[in-house]
Amino acid sequence: GESVGLHLPTLSVQEGDNSIINCAYSNSASDYFIWYKQESGKGPQFIIDIRSNMDKRQGQRVTVLLNKTVKHLSLQIAATQPGDSAVYFCADTKEGYQKVTFGTGTKLQVIP
Amino acid sequence: DTAVSQTPKYLVTQMGNDKSIKCEQNLGHDTMYWYKQDSKKFLKIMFSYNNKELIINETVPNRFSPKSPDKAHLNLHINSLELGDSAVYFCASSQDLGKLFFGSGTQLSVL
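Along each chain, residue indices are assigned from 1 in the same order as the chain's sequence is written. Note on labels: chains are lettered from A, ligands numbered from 1, in written order. Confidence filtering applies because this is a predicted model: local features only for residues at pLDDT of at least 70, side-chain atom pairs given and counted only at 80 or more, and all residues used for totals across whole chains, interfaces and linings. Hydrogens and water molecules were not included; the side-chain quantities draw on all heavy atoms of the structure.

Caption draft 1: Examining the overall build of chain A more closely. The secondary structure listing takes helices from DSSP runs of H or I that are at least 4 residues long and strands from runs of E that are at least 2 residues long, numbered from the N terminus. Check the secondary structure of chain A and you find zero helices and 10 strands. Starting at the N terminus and walking to the C terminus, you meet the elements of chain A as β-β-β-β-β-β-β-β-β-β. The C-alpha atoms of chain A give a radius of gyration of 13 Å, which matches the 13 Å a tight globule of 112 residues would have. The dimensions of chain A, computed from C-alpha atoms along their principal axes, are 40 × 30 × 25 Å. Residue exposure (1.4 Å probe, protein chains only): buried if accessible area is under 20% of the type maximum, exposed if over 50%, otherwise partly exposed. Relative to its 112 residues, chain A shows a buried fraction of 43%. Note on definitions: a residue-residue contact is assigned when non-hydrogen atoms from the two residues lie within 4.5 Å. Within chain A, counting contacts between residues at least 6 apart in sequence, those at least 24 apart form 56% of the total. Radius of gyration means the value over C-alpha atoms here, while the globule rule gives 2.2 Å times the residue count to the 0.38 power.

Caption draft 2: Representation of unusual backbone geometry within the structure. Each neighbour pair has its own omega, and for B:T7 with B:P8 the value is 0°, a cis peptide bond. With respect to the secondary-structure elements, B:P8 resides in the loop between β1 (4–7) and β2 (10–13). Of note, A:R61 is a non-glycine position whose phi angle comes to about 65°, a positive value. Structurally, A:R61 is set in the loop between β5 (56–58) and β6 (62–67). Note on A:R61: relative accessible area 30%, which makes it partly exposed. Positive phi is not limited to glycine here, since B:S80 has a value of about 45°. Here B:S80 lies in the loop between β8 (73–78) and β9 (87–94).

Caption draft 3: Broad picture of the pairing of strand β4 (residues 31–37) of chain B. Residue and element names in this part refer to chain B. Burial of β4 is extensive: six of the seven residues sit out of reach of the surface. By the bridge criterion, seven bridges tie β4 to strand β5 (residues 43–50) in an arrangement that is antiparallel. Paired with K36 across the two strands is K44, which belongs to β5. Here, any two strands with at least 2 DSSP bridges between them count as paired. With antiparallel pairing between neighbouring strands as the criterion, β4 and β5 make up a hairpin whose turn holds five residues, including K41 at a positive phi of roughly 75°. Here β4 runs beside β9; their pairing, made up of seven bridges, is antiparallel. Paired with M32 across the two strands is S93, which belongs to β9.

Read these as geometric descriptors, not functional statements.
Okay, structure coming up:
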């Protein structure tokens with residue numbers, strides 16, 4: 001993703017509801033996409049990834065959807081918990097290329 | 001055991017000073033990175049090294065000089081610190097495409 005935002009978008013979700021975090025990327029040559037979670041005071045942590053030959057990948061309570069046509073990525077979190085409160089980043093790169101580009105980030109606030 | 005460790009965690013210094021941040025990874029990864037995170041949480045890549053060789057240098061002022069003595073270490077030296085250098089600096093390492101392991105960050109405050 002390429003960061004163009006001037007502020008950190010925030011998503012507030014009730015505990016137990018599903019969360020959907022969206023991301024747009026700009027490099028049409030990217031073929032590998034990753035979601036990271038950054039908790040307060042920590043470095044980003046890998047959550048889930050997807051390659052460009054797939055449009056959906058599921059993990060434990062998380063699902064990533066990829067729409068290459070519109071260069072859009074989303075992260076769905078099922079049954080959101082307070083521990084999910086963090087800033088979420090999408091990132092993209094391509095095979096054989098070391099540079100990983102991060103998107104703007106979305107802050108997820110879980111309301112108990 | 002901390003996988004990627006960077007020191008110091010906090011760094012407060014005056015404008016014009018020179019400072020260094022150290023990073024070590026015990027994961028056996030070949031690639032290491034420095035990222036800068038601003039106050040709006042935007043993460044921007046600065047440098048990447050693969051097996052001690054510089055492979056990415058992203059339009060970073062030459063006041064910033066990375067150094068990799070071996071593939072487990074990537075240090076960042078900053079000369080003549082400026083107010084705009086205030087940020088959180090993250091070291092990361094990776095072995096697999098795009099899957100980065102980050103340190104806990106160094107919060108640099110330039111006064």
